[in-house]
Amino acid sequence: MRFKIWLICILLSVTYLGLTFAGKTTPKIGIIGGGIGGASVAYFIHELLPNARVDIFEKTGLLGGRLNVSMILGNGYETGGSIIHPKNKYAVDLANKFGLEPRSPTGEALSITKDGEFIFNTSKWTIITIIKTLARYGLNFNYLEATISGFIEKFSRIYDFQKDGKTFRTTEEMLEAMDPMLLNLTKYEFKGILQEQGLSENFIEEMIQAITFVNYGQDLSIHSFVGSVAAAGAASSLWSVNKGNKQIPEKLAEDSKAKVHLNTGVTEIQRLSDGTFLLFNGKRELGVFDHIVLAIPLDASEKLTFTGFTSPPYDYPASRKYHRTVATLVAGWTNDKYKFRSSIISCVPNWYNSISLIHPTILLVAEKYPVYKIFSPKPLTEKQLDSIFEERHHVEVHDWLAYPEYNAIPPKIPNFILAPRLFYLNAIEWAASAMEMSLISGKNIALLIAQEQNEI
Ligand SMILES: Cc1cc2nc3c(=O)[nH]c(=O)nc-3n(C[C@H](O)[C@H](O)[C@H](O)COP(=O)(O)OP(=O)(O)OC[C@H]3O[C@@H](n4cnc5c(N)ncnc54)[C@H](O)[C@@H]3O)c2cc1C
């Protein structure tokens with residue numbers, strides 16, 4: 001009998017110790033969304049809390065989200081996020097770590113159109129392009145470049161903060177820490193800031209507005225932080241990952257050792273009385289977690305149901321909308337008007353934002369026809385396609401809710417922490433949507449969770 005009591009005592013204390021151990025060092029973390037953002041949280045958590053148990057729930061059959069490659073006539077082409085800036089430290093370091101090869105755009109001829117007419121064309125001869133640019137825009141490019149390099153320098157401070165384990169509860173706090181000027185940029189229309197800098201009207205309305213249309217499908221009324229990110233995207237030495245940018249989220253998830261649940265959308269998050277969360281897919285229970293990370297653009301996804309919370313953690317305001325950008329990929333021959341032009345960008349609102357000759361990121365067979373990617377605010381009609389192409393051999397449409405609608409003064413940016421232990425990665429997109437922004441937000445959320453676990 002005495003032996004039995006001892007055994008029970010030992011078993012109880014082992015169970016207690018096990019629970020304490022589980023509570024302290026094996027938190028269960030549920031990540032909703034398997035894009036680059038969600039996958040990065042899993043990766044950074046694994047670095048900071050190697051014993052954490054991490055599950056990623058992705059509603060489609062693929063990781064990558066807005067990073068995707070489409071196979072057309074035997075070769076693969078980027079359909080979503082495609083360009084990475086050379087100063088994007090996380091993307092650069094991760095690509096190196098995973099042995100992913102960078103690939104550079106081929107720097108082909110650029111044209112700007114206004115109301116369908118070509119108003120500026122570069123040449124295949126660099127010297128002629130320089131002369132034409134100076135003649136039309138003077139030294140404006142140099143002034144813009146100087147401003148953008150100052151912006152990038154301030155922005156890059158985030159990497160040192162995160163290296164030191166600094167965390168942020170809101171995007172505003174994060175931008176202010178980089179430099180109060182960066183936070184200020186989110187409050188002013190881009191056009192006004194460019195005018196204040198003394199850039200010429202034609203440069204602003206032609207060149208810079210073409211840049212905001214091709215990068216964010218929106219005009220110069222966007223706020224100046226995202227405008228500056230767009231302008232940085234016009235730099236040289238941009239790159240992408242050979243064989244597809246979506247390899248970054250795939251490798252992040254693989255390296256993190258997280259359990260990935262594909263074809264598993266989360267429809268409901270229930271807060272339980274002990275502060276943990278039960279996730280549902282319809283009526284199916286997906287498990288109980290200590291921390292939840294929402295790595296989905298809430299304003300662009302089907303509404304999640306939140307139950308058991310004292311107040312709703314997210315209010316879905318009608319003022320926060322995502323911008324529709326349709327990517328139409330066409331393999332075929334353009335007609336005379338568009339021949340010999342490989343990147344045509346409209347600098348005014350138009351039925352297309354850009355028409356670009358693209359090259360396969362996965363090259364398996366010789367290209368039989370050139371492939372073009374057209375970005376437009378709405379799906380293209382047959383008549384519009386006929387006006388560009390004399391022959392079409394393959395047409396594919398990707399209709400994206402691509403990035404937020406960046407009004408000059410954006411609605412309040414949602415917090416990274418929506419409720420205790422419920423985190424929102426895509427809040428950062430209201431400052432700017434880009435792969436690197438999701439990686440930075442992923443690192444911030446991993447640090448916040450590790451901090452709660454007292455590991456840093
Ligand atoms: C056309 C286009 C061009 C772009 N160009 C560039 C560019 O050149 N450079 C750049 O840096 N960025 C670019 N971007 C932006 C960039 O792609 C995004 O900022 C980035 O990929 C966002 O990643 P994310 O993981 O945060 O979100 P997402 O990629 O949207 O990932 C969210 C994931 O969550 C899943 N999901 C949604 N709801 C649920 C649910 N309820 N349950 C489970 N899973 C769910 C989705 O299926 C998706 O896989 C572009 C985007 C588009 C659309």
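Residues numbered from 1 in each chain as written. Predicted model: local features only at pLDDT ≥ 70, side-chain atom pairs only at ≥ 80, totals over all residues.

Undergrad: Help me out: how do you make sense of the overall build of the chain in this one?
TA: Per the secondary structure count, the chain includes 14 helices and 21 strands. The C-alpha atoms of the chain give 24 Å as radius of gyration, which agrees with the globular expectation for 456 residues (23 Å, within 12%). When the backbone C-alpha atoms are referred to their principal axes, the chain occupies close to 95 × 50 × 40 Å. Expressed as a percentage of the 456 residues in the chain, the buried residues total 43%. Pairs at least 24 residues apart make up 73% of the contacts formed inside the chain by residues separated by at least 6 positions. (Helix = DSSP H or I, 4+ residues; strand = E, 2+ residues; numbered from the N terminus. Rg over C-alpha atoms; globule rule 2.2 N^0.38 Å. Buried ≥ 20, exposed ≤ 12 C-beta atoms within 10 Å, placed from the backbone. Contact = placed C-beta atoms within 7 Å.)

Undergrad: So what exactly am I meant to see when it comes to the nonpolar core here?
TA: Soluble, globular proteins show a tendency: their nonpolar side chains are buried together. With 116 residues, the main nonpolar core has Ile31, Val41, Ala42, Ile45, Val293 and Leu294 as its most contacted residues. Setting aside chain neighbours within four positions, we find Leu294 in contact with Ile32, Gly33, Phe423, Tyr424 and Leu425. (Core = buried A, V, L, I, M, F, W, Y, C linked by C-beta atoms within 7 Å.)

Undergrad: What exactly am I supposed to notice about the site of the ligand here?
TA: Close to the ligand lie 35 residues, the nearest being Gly33, Gly35, Gly37, Gly65 and Gly81. For the shell around the ligand, the secondary structure elements donating two or more residues are helix H2 (36–48), strand E15 (322–334), strand E19 (389–404) and helix H14 (435–452). Its residues placed into classes, the shell around the ligand shows 16 nonpolar, 16 polar and three charged. Each of domain 1 (28–57 + 246–319 + 410–452) and domain 2 (69–159 + 178–243 + 321–404) accounts for three or more of the residues forming the shell around the ligand. (Near = placed C-beta within 6 Å. Nonpolar A, V, L, I, M, F, W, Y, C, P; charged D, E, K, R; others polar. Domains from an automatic or database assignment.)

Undergrad: Could you clarify how one ought to interpret H2 in this entry?
TA: Residue pairs spaced three or four apart in an α-helix point in one direction, given the helix's 3.6 residues per turn. Between its first and last C-alpha atoms H2 spans 18 Å; for 13 residues at 1.5 Å apiece the expected length is 18 Å, and the two agree. The buried fraction of H2 amounts to ten of the 13 residues, a majority that puts the element mostly inside the structure. Listing the buried residues of H2 in full gives Ile36, Gly37, Gly38, Ala39, Ser40, Val41, Ala42, Tyr43, Phe44 and Ile45. For H2, the secondary structure elements touched by its buried residues are strand E1 (28–32), strand E2 (53–57), helix H12 (247–256), strand E13 (291–294) and H14. (Expected span 1.5 Å × (residues − 1).)

Undergrad: It is not clear to me how the domain arrangement of the chain should be interpreted in this structure. Could you clarify?
TA: For interface size, the figure often reported is the accessible area lost on association. Per the domain assignment, the segments of the chain are domain 1 (28–57 + 246–319 + 410–452) and domain 2 (69–159 + 178–243 + 321–404). For domain 1 and domain 2, the distance between their C-alpha centroids amounts to 29 Å. Every contact between the two is made by 19 residues of domain 1 and, on the other side, 23 residues of domain 2. Here the side of domain 1 that touches domain 2 is composed, by residue class, of twelve nonpolar, two polar and five charged.

Undergrad: For this particular structure, what's the right way to read the environment of Thr186?
TA: For Thr186, the position within the fold is in the loop between helix H8 (180–185) and helix H9 (190–196). With 36 residues separating them along the chain, Thr186 and Ile222 place their C-alpha atoms 8.9 Å apart.

Undergrad: Looking at this structure, I do not really get unusual backbone geometry. What am I missing?
TA: Most peptide bonds take the trans form, and the phi angle of most residues other than glycine is negative. Notably, Lys243 is not glycine yet its phi reads approximately 75°, a positive angle. Of note, Lys243 is situated in the loop between strand E8 (240–241) and H12. For Lys243, a count of 16 C-beta atoms within 10 Å puts it in the partly exposed group. Positioned with a positive phi, Asn263 is a non-glycine residue whose angle comes to about 50°.

Undergrad: What is the right way to read the environment of Asp219 from this model?
TA: By secondary structure assignment, the location of Asp219 is in the loop between helix H10 (201–216) and helix H11 (224–232). For Asp219 and Ile445, which are 226 residues apart along the polypeptide, the C-alpha to C-alpha distance reads 32 Å. Beyond its immediate sequence surroundings of up to four residues, Asp219 is in contact with Gln209, Thr212, Phe213 and Pro349.

Undergrad: What am I meant to see in the pairing of strand E12 (residues 284–289) here?
TA: The side chains of a regular strand alternate, residue by residue, between the two faces of the sheet. Across five bridges, strand E11 (residues 277–281) lies against E12 in antiparallel orientation. Counted as the bridge partner of Phe277 is Phe289 from E12. Where E11 folds back onto E12 in an antiparallel hairpin, the turn is made up of two residues, including Gly282, whose phi is positive at roughly 60°. (Pairing = 2+ DSSP bridges.)

Undergrad: Would you explain the packing of H2 against H14 in this entry?
TA: How two helices pack is summed up by the angle between their axes together with the distance between the axes. The contact between H2 and H14 brings their axes to 8 Å, and the two run at 40°. Our classification of the angle between H2 and H14 gives oblique. Handedness of the H2/H14 crossing: right-handed. Residues Ile36, Gly37, Ser40, Val41, Phe44, Ile45 and Leu48 of H2 pack against Met435, Ser438, Leu439, Ser441, Gly442, Lys443, Ile445, Ala446, Leu447, Ile449 and Ala450 of H14. (Axes fitted to C-alpha atoms, helices over the stretch in contact; angles between N-to-C directions. Parallel < 35°, antiparallel > 145°, perpendicular 65-115°, else oblique. Left-handed = near helix turned anticlockwise from the far one by under 90°.)

Undergrad: Just checking my understanding: could you explain the sheet that holds E2 for this structure?
TA: Judged by pairing direction, the sheet is mixed, and its six strands sit side by side in the order E9-E2-E1-E13-E21-E20 without closing on themselves. If you trace the sheet from one side to the other, it starts and ends with strand E9 (259–261) and strand E20 (417–419), each paired once. Direction aside, the axes of adjacent strands within the sheet are offset by 20° on average. In terms of strand pairing, E13 meets strand E21 (residues 422–424) through three bridges, oriented parallel.

Undergrad: Any chance you could explain the pairing of strand E3 (residues 69–72) here in plain terms?
TA: For E3 and strand E4 (residues 75–78), the ladder comprises four bridges, and the chain directions are antiparallel. Opposite Val69, over in E4, you have Glu78 as the bridge partner.

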